[in-house]
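# Observations on the model geometry
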Amino acid sequence: MSFAEAFNALPFSNLIERARGAESASVERIIANGPSSLADFAALLSPEAGQSLEMLCQRSQAVTRQRFGRTIRMFAPLYLSNECINNCAYCGFSRDNPILRVTLSVDEVVREARALAEQGFRSILLVAGEHPKFVSSGYMTECVRALRKFVPSLSLEVGPMETAEYLPLVEAGAEGLVVYQETYDRAVYSRMHTLGPKRDFDWRLVTPERAYAAGFRRLGIAALFGLADWRLEAIAVAAHAVWLLKYCWKAQLTLALPRLRPCAGEFQPLTSFGDRELVQVIAAFRLFLPDAGIVLSTREPATFRDHLLPLGITHASAGSHTEPGGYTGAGKDAVHKTVRGRIIEQELGSLDRIAPVGRATGATGQFEIADDRTPAEVALRIRQLGYEPVWKDWDAALMA
Amino acid sequence: MSKPLIIAGRQFSSRLFLGTGKFPSPESMRGALAASGTEIVTVALRRADLSGRRDPFANILEFIDPARFLILPNTSGAMNAEEAVRLARLAVAAGLPKWIKLEIHPDPRYLLPDPIETFKAAEQLVREGFIVLPYINADPVLAKRLQEIGTATVMPLGAPIGSNRGLQTREQIRIIIEQAIVPVVIDAGIGAPSHAAEAMELGADAVLVNTAIAVASDPNRMATAFRNAVEAGRTAFELGLADRLETASSTSPLTGFLK
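About the cut-offs
Residues numbered from 1 in each chain as written. Chains lettered and ligands numbered in written order. Predicted model: local features only at pLDDT ≥ 70, side-chain atom pairs only at ≥ 80, totals over all residues. Helix = DSSP H or I, 4+ residues; strand = E, 2+ residues; numbered from the N terminus. Rg over C-alpha atoms; globule rule 2.2 N^0.38 Å. Buried ≥ 20, exposed ≤ 12 C-beta atoms within 10 Å, placed from the backbone. Contact = placed C-beta atoms within 7 Å. Nonpolar A, V, L, I, M, F, W, Y, C, P; charged D, E, K, R; others polar. Pairing = 2+ DSSP bridges. Right-handed = clockwise from strand over helix to strand, strands pointing away. Arc of directions from axis to C-beta. Expected span 1.5 Å × (residues − 1). Core = buried A, V, L, I, M, F, W, Y, C linked by C-beta atoms within 7 Å. Axes fitted to C-alpha atoms, helices over the stretch in contact; angles between N-to-C directions. Parallel < 35°, antiparallel > 145°, perpendicular 65-115°, else oblique.

## A short note on the overall build of chain B
Helices and strands together make up the secondary structure of chain B, namely eight helices and ten strands. Against the compact-globule benchmark of 18 Å for 259 residues, chain B has a radius of gyration of 19 Å, which places it among compact chains. Projecting the C-alpha coordinates of chain B onto the three principal axes gives extents of approximately 80 × 40 × 35 Å. Expressed as a percentage of the 259 residues in chain B, the buried residues total 49%.

In structure tokens form, the structure reads like this:
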């Protein structure tokens, strides 16, 4: 059985109804006893539960501290490539966007990773657009092999692959795989994804299962909030998590709550998902899934992040760049512009290619970062909040 | 004074082991270790620097004085025997003691130990000369099997790691203690000083505490509370607890004059 079948069988209309209209007596009971079913989780998303947000957050904080202690695990994304054959309406890397693209060579990836390691990162997430020609399984395997010599923990967030293609990556030392479904609303999904392999909703949905079968130990899932009804997305993520905990029982699960950020293509969010709602979903996830990691990225602004950290967050990125070469300028001379997948200019000296002020490369980022503090500044703030920033929580020797 | 605890020929006066995870800072961990009076401190190898480069971003070991504490590396994160054995060897290569707290818990949710892989790894590590302290479910037969192959202790859980639920496995632990030929250390689930005292009164040789101290609002004072509880429980065990009766028993018996 795959999650695709379980997903199709979910009683979404009942759950949504509960998420919109749970009564105060049942919400109080669920907060007091802890949610024990998906229906209970849905009730924690209700406006009525929103009235008890402070209590929800107090519980969420206590549960997180017990399970994870006063610690925040640090990581950084490293973008390998912004080439992409998909068109996703909300993504800066969409094939049809006329942006400046590049795929880093393995040596350039090493240079970027060394810069991150110097800042303290011992856990790196390798990210790339989906482009089988530039970002092949073989290329990524080479990257992983080169990095694992000095980076204890490597995870991937790249185009979905077959189990057989994941195997050499695990063998090379990659331990985590992150794949966001973007939206669990099939209708919205098909409107958002108009070109490329990503159009196949089910193929993407069961990616974590294929990754687990190949031996990945950490699985990351999420919805990209701002595309469909946030309550539906949260319920679907929770259902997905429950399924993965049962069938992929050896994997550590992480959840993220990315909200749409400004990017090339000027896409505007289709639905609203405010700060209060974000906090409510973090607390609801924590109470329902006490052992899941919850990831906070630099999509959120500094002050807001500082307030979110003690509410249930376990993993945080810092100092992130979403453009390949963003940490060192690696690959900047190979940057080229593409329109509809075709390279339209690559002559040297083009004004376009010059890195904007404050950037190391002219390559275009996936989205704008909202917290531009350095990793050291973020780590200091975490300490001031009474938490220990944990840089190393994995040893490559575990997978040998 | 309570009797000393002896593990693999080495003598310890404290019967409280401490874990080092979940503390708000390495400094607060160091303070709690001192306050607890512990002599055995376990560290997750995955959080330590095993490269010998003195990584400033993975420097947890620098906060634990090896002259004062026995550093007991643990294999948390290993999913099978092979991984645990590899980690243990690396720890020795990195200069850590040849003592290993063997933890293999493939399920990240309840962190329950895998008995089959734990047994396999223990066999291998004992053969290689390690002093092996295996974390196990409270399974008396598994405990016996491990002792037969030469582990230095057995470390049954009271409840899942970090759950603070106390001795949920009390009856099984009682059997393990009764049958033990090596020290029995209650490893997980001890959430309150009263749980620690209960384990010691029951005859456990030591307890390991981490979460309850690390996440306390004042880890130092909580460490002291556990220290006192462990000492109280041990003293009571050595003296022998008074019998429990169904009815009241007067301290000034009515028939005392007949003596």
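## Regarding the overall build of chain A
Summing up its helical and strand segments, chain A has 16 helices and 14 strands in all. The C-alpha atoms of chain A give a radius of gyration of 20 Å, which matches the 21 Å a tight globule of 400 residues would have. Projected onto its principal axes, the C-alpha coordinates of chain A cover approximately 70 × 45 × 40 Å. Per-residue burial for chain A yields a buried fraction of 56% across its 400 residues. At a minimum sequence separation of 6, the contacts of chain A that also span at least 24 residues come to 79%.

## Considerations on the interface of chain B and chain A
Opposite the 27 residues of chain B that make contact, chain A presents 27 residues. Ranked by residues supplied to the side of chain B that touches chain A, first place goes to helix H2 (residues 81-93) of chain B with four residues. A per-class count over the side of chain B that touches chain A returns 14 nonpolar, six polar and seven charged.

## Observations concerning the pairing of strand S9 (residues 252-256) of chain A
Residue and element names in this part refer to chain A. Buried residues dominate S9, accounting for four of its five residues. Where strand S8 (residues 218-222) meets S9, five bridges bridge the pair, whose relative direction is parallel. Note on S9: the bridge partner recorded for Ile 221 is Leu 255. Chirality of the crossover, the property in question, places the unit of S8, helix H13 (residues 230-247) and S9 among those that are right-handed. The sheet contact formed by S9 and strand S10 (residues 293-296) spans three bridges and is parallel. Among the inter-strand pairings, Ala 256 is bridged to a residue of S10, identified as Val 295. In this fold, S9 hands off to helix H14 (residues 275-288), which returns the chain to S10; that crossover is right-handed.

## Concerning helix H5 (residues 170-179) of chain B
All names here are of chain B. Those residues of H5 that fall on the buried side of the exposure criterion are Ile 173, Ile 176 and Ile 177. Viewed along the axis of H5, the buried residues span an arc of 95°, placing them on a single side of the element. Structural note: H5 exposes Glu 171 and Glu 178 on the side pointing more than 90 degrees away from its buried face. On its buried side, H5 packs onto helix H4 (140-149), strand S8 (155-156), strand S9 (185-186) and helix H6 (193-202).

## Considering H14 of chain A
All names here are of chain A. With 14 residues, H14 extends 20 Å between its outermost C-alpha atoms, agreeing within 8% with the 20 Å of an ideal straight helix rising 1.5 Å per residue. For H14, the buried fraction is high: ten of the 14 residues fall into the buried class. Those residues of H14 that fall on the buried side of the exposure criterion are Val 279, Gln 280, Val 281, Ile 282, Ala 283, Ala 284, Phe 285, Arg 286, Leu 287 and Phe 288.

## Some words on unusual backbone geometry
For Glu 182 of chain A, which is not glycine, the phi dihedral falls at a positive 70°. Mapped onto the elements, Glu 182 of chain A comes out in the loop between strand S6 (176-178) and helix H10 (186-192).

## Remarks on the nonpolar core
The nonpolar side chains of soluble globular proteins are, as a tendency, buried together. Counting 206 residues, the largest nonpolar core has Leu 78, Ile 124, Leu 126 and Leu 255 of chain A together with Val 207 of chain B as the members making the most contacts within it. Among the elements that take part in this core, H13 of chain A stands out by supplying nine residues, more than any other.

## Looking at the packing of helix H8 (residues 137-147) of chain A against helix H9 (residues 163-172) of chain A
Residue and element names in this part refer to chain A. H9 packs onto H8 with a crossing angle of 10° between their chain directions and a minimal axis gap of 8 Å. Looking at the two axes, H8 sits roughly parallel to H9. For the pair H8 and H9, contact is made by Ser 137, Met 140, Thr 141, Val 144 and Arg 145 and by Glu 165, Pro 168, Leu 169 and Ala 172, respectively.

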